[in-house]
Amino acid sequence: MNSILFSTRRLFTPDQPGLLSAGQQVSSRRSIMSALGNVPSAYKKAKRVGRGPSSGKGKTSGRGMNGQKQKESVHPWFEGGQTPLHKTLPKIGFTNTFAQDLVKLNLGRLQEWIDKGRLNPSQPITMKNLLDSRVCRGIKDGVKLLADGKENFKTPINITVSRASKEAIKCIEELGGTVTTKYYNRLGLRALLHPDFFSTLPLEARPIRRRDIEYYKNAGVRGYLSKPQSGTQKATT
């Protein structure tokens, strides 16, 4: 491997006879770049092993005669053959593979953004508005509306989120606003938040898990499936 260290021992200096005439000026940068070279002491040639007794590493390639380290490498967590620590201790807890990573949004923070003029309460507020105004960041699976700071909330709004607590719904509806909880899968949420990434927007997905269907059909949490959907009523002749 070539080294990044170079030698400048071949630089031409003005005091060398016959190289520069009187009054000539030579750029030091140009002189250095034209005389760069590798320094032999700057790098070390790799030792080749497994080349026989005369290679300098012996017939065993420097690993010795016997032992575990001669056959293979030993893992850092190896404990000499006894039961390792990570097997003697019991397992605690579990990882819920169905858990959703929801961004929590409190009513107090929402009112602060409205007071600063970063959210328009006269227009319907979606999760895209929440992301664009930076009141929510890093939305992966959706937004959950919570009631922390409800004593400071005083603006009627129409908001659509993934989930909402009953206290937050009650506080908003008492002021004359509305809350709608709507299901989005990963693709649908990405199309909502970043529509410029798509040449053709995908169709909205319906929930397929039973718990999601039951949640969004619940009128108590203002699920969007609890309301009559447009186009679902049969036309009468």
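Here's a quick rundown of the structure. Per chain, the residues get numbers from 1 upward, laid out in the order the sequence is written. Per-residue local features are limited, in this predicted model, to residues with pLDDT of at least 70; the limit for side-chain atom pairs, both in listing and counting, is 80 or more; totals at the level of whole chains, interfaces and linings are taken over all residues. Side-chain calculation: all heavy atoms of the structure are included, whereas hydrogens and water are not.

## Let's talk about helix H6 (residues 166-174)
Formally: Between buried and exposed lies partly exposed: a residue is buried under 20% and exposed over 50% of the maximum accessible area for its type, with that area taken using a 1.4 Å probe on protein chains only. Helix and strand definitions follow DSSP, with helices as H or I runs of at least four residues and strands as E runs of at least two, each counted in order from the N terminus. Our arc is simply the arc of the directions from the helix axis toward the C-beta atoms. Should any heavy atoms of two residues lie within 4.5 Å, those residues are considered in contact.
Within H6, burial applies to Ala 168, Ile 169, Cys 171 and Ile 172. Down the axis of H6, the smallest arc covering the buried residues is 165 degrees, so these residues share one side. Across from the buried face of H6, at angles greater than 90 degrees, the exposed residues are Lys 166 and Glu 174. Of the surrounding secondary structure, the elements contacted by the buried residues of H6 are helix H4 (107-115), strand S4 (143-146), strand S5 (158-161), strand S6 (163-164) and strand S7 (178-181). Just beyond H6, the residue with positive phi is Gly 176, at close to 95 degrees.

## Here's the deal with the pattern of salt bridges
Put simply, the rule is: Put simply, a salt bridge is a Lys or Arg side-chain nitrogen that is within 4 Å of an Asp or Glu carboxyl oxygen.
Per the stated rule, a full pass over the model turns up nine salt bridges. With a closest N to O distance of 3.8 Å, Lys 154 and Asp 115 form a salt bridge. Linking Lys 154 in the loop between S4 and S5 with Asp 115 in helix H4, this pair joins segments that are 39 residues apart in sequence. The exposure classification of Lys 154 matches that of Asp 115, with both residues exposed. Here Lys 150 makes a salt bridge to Glu 167, at a shortest N to O gap of 2.9 Å. Taken as a pair, Lys 150 in the loop between S4 and S5 and Glu 167 in helix H6 lie far apart in primary sequence, 17 residues in all. On the accessibility criterion, Glu 167 (40% relative accessible area) is partly exposed.

## Structural notes on the packing of aromatic side chains
Here a ring pair, both rings aromatic, is described through the centre-centre distance and the interplanar angle of the planes. For clarity, the cut-off: Side-chain rings of Phe, Tyr and Trp, where Trp is taken by its six-membered ring, are said to pair if the distance between their centres is within 6.5 Å; with planes under 30 degrees apart they count as stacked, over 60 as edge-to-face, and otherwise as tilted. Comment: the charge-over-ring label is applied if NZ (Lys) or CZ (Arg) is within 6 Å of the ring centre and within 35 degrees of the ring normal.
Tallying each qualifying case throughout the model produces three aromatic pairs. With centroids separated by 5.1 Å and ring planes inclined at 85 degrees, the aromatic side chains of Tyr 215 and Tyr 216 adopt a geometry described as edge-to-face. For the pair Tyr 215 and Tyr 216, a shared accessibility class is recorded, and that class is buried. Taken together, the ring pairs in this structure connect Tyr 183, Tyr 215, Tyr 216 and Tyr 224 into an aromatic cluster. Directly above the aromatic system of Trp 113 lies the positively charged group of Lys 116, at a separation of 5.3 Å from the ring centroid. Over the ring of Tyr 215 we find Arg 163, and its NZ or CZ is 4.0 Å from the ring centre.

## Points about the sheet that holds S4
Operational definition: A pair of strands is labelled paired if DSSP reports no fewer than 2 bridges between them. Simply put, an axis is a line fit to the C-alpha atoms, just over the touching stretch for a helix, and the angle between two N-to-C directions goes from 0 to 180 degrees.
Taken in spatial order, the three strands make up an open sheet running S3-S4-S6, and their pairing is parallel. The strands lining the two open edges of the sheet, one partner per strand, are strand S3 (103-106) and S6. In this sheet, S6 lies alongside S4 in parallel orientation, the contact comprising two bridges. Within S6, the position partnered with Leu 145 by the bridge is Ala 164. Against the sheet, H4 makes contact with S3 and S4, and its axis sits at roughly 70 degrees relative to S3, the strand it touches most.

## Description of the side chain of Thr 155
Relative to the assigned elements, Thr 155 resides in the loop between S4 and S5. A relative accessible area of 14% places Thr 155 in the buried class. Residue contacts for Thr 155: discarding those within four places in its chain leaves Gln 111, Ile 114, Pro 121 and Leu 175.

## A short note on the nonpolar core
Quick note on the threshold: Throughout this description, the term nonpolar core refers to a set of buried Ala, Val, Leu, Ile, Met, Phe, Trp, Tyr and Cys residues connected via side-chain atoms within 4.5 Å.
Core analysis: the largest hydrophobic core is formed by 30 residues, its most contacted members being Leu 107, Leu 110, Leu 130, Val 143, Leu 145 and Ile 159. Among the secondary structure elements, those contributing two or more residues to this core are S3, H4, helix H5 (127-132), S4, S5, H6 and helix H7 (186-193). Not counting chain neighbours up to four residues away, the residues in contact with Leu 107 comprise Leu 145, Leu 146, Ala 147, Asp 148, Gly 149, Lys 150, Phe 153, Ala 168, Cys 171 and Ile 172. Counting six residues, the second-largest nonpolar core is a separate cluster that includes Tyr 215, Tyr 216, Tyr 224 and Leu 225.

## Quick notes on a nonpolar patch on the surface
As a reminder, the rule being used: A patch consists of residues exposed above 30% relative accessible area that lack any salt bridge, with like charges linked at up to 9 Å and nonpolar side chains (Val, Leu, Ile, Met, Phe, Trp, Tyr) linked at up to 5 Å. Areas reported as accessible are Shrake-Rupley estimates using a 1.4 Å probe. Residue values count occlusion only from the protein chains shown.
Among the surface-exposed residues, Ile 32, Met 33 and Leu 36 lie close enough to one another that they form a single nonpolar patch of about 270 Å² accessible area. On the secondary structure map, Leu 36 appears in the loop between helix H1 (28-33) and strand S2 (37-38).

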